[in-house]
Amino acid sequence: MALSKLQSVVILVICSLLVTSQSKGVRENDAHRSECVYKGPCKSNQDCKSQCGPPNFPPATLGLCQASPRGHGNICCCAKD
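Residues numbered from 1 in each chain as written. Predicted model: local features only at pLDDT ≥ 70, side-chain atom pairs only at ≥ 80, totals over all residues. Heavy atoms only, no water.

Turning to the overall build of the chain, a few remarks are in order. The secondary structure content of the chain amounts to 2 helices and 3 strands. Its helices and strands taken in sequence order, the chain reads α-β-α-β-β from the N to the C terminus. Burial statistics for the chain: of 81 residues in total, 17% are counted as buried. Of the contacts made within the chain by residues no fewer than 6 positions apart, 45% connect residues no fewer than 24 positions apart. (Helix = DSSP H or I, 4+ residues; strand = E, 2+ residues; numbered from the N terminus. Buried < 20%, exposed > 50% of the residue type's maximum accessible area, 1.4 Å probe, protein only. Contact = heavy atoms within 4.5 Å.)

Turning our eyes to something else, we now look at the state of the cysteines. With the rule as written, the count across this model stands at 4 disulfides. Here C52 connects covalently by a disulfide to C78, the sulfurs 1.9 Å from one another. On the S-S bond that ties C52 to C78, the torsion sits near -75°, and the link is left-handed. Taken as a pair, C52 in the loop between α2 (48–51) and β2 (63–67) and C78 in strand β3 (residues 74–79) lie far apart in primary sequence, 26 residues in all. Disulfide partners in the chain, listed by the sequence order of the bonded cysteines, are 1-7, 2-5, 3-6, 4-8. (Disulfide = S-S within 2.5 Å.)

This is the structure we're talking about:
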């Protein structure tokens, strides 16, 4: 079944709004740099202890498992001083 012109325009506008909102989120991430150094995938904060520890980071560095800023699963965030 063919879509009417109005339905096609509505779908086009919705897609444009989605793309625009996604682009804005990326620009905001660039403007507000993260306080994290991202290291490897994780399932829990426990997985980040080895990735955020010595020799690459001081022993007191916090390692938190959080959603990847790029939306690809979870990743360790090693908090910078």
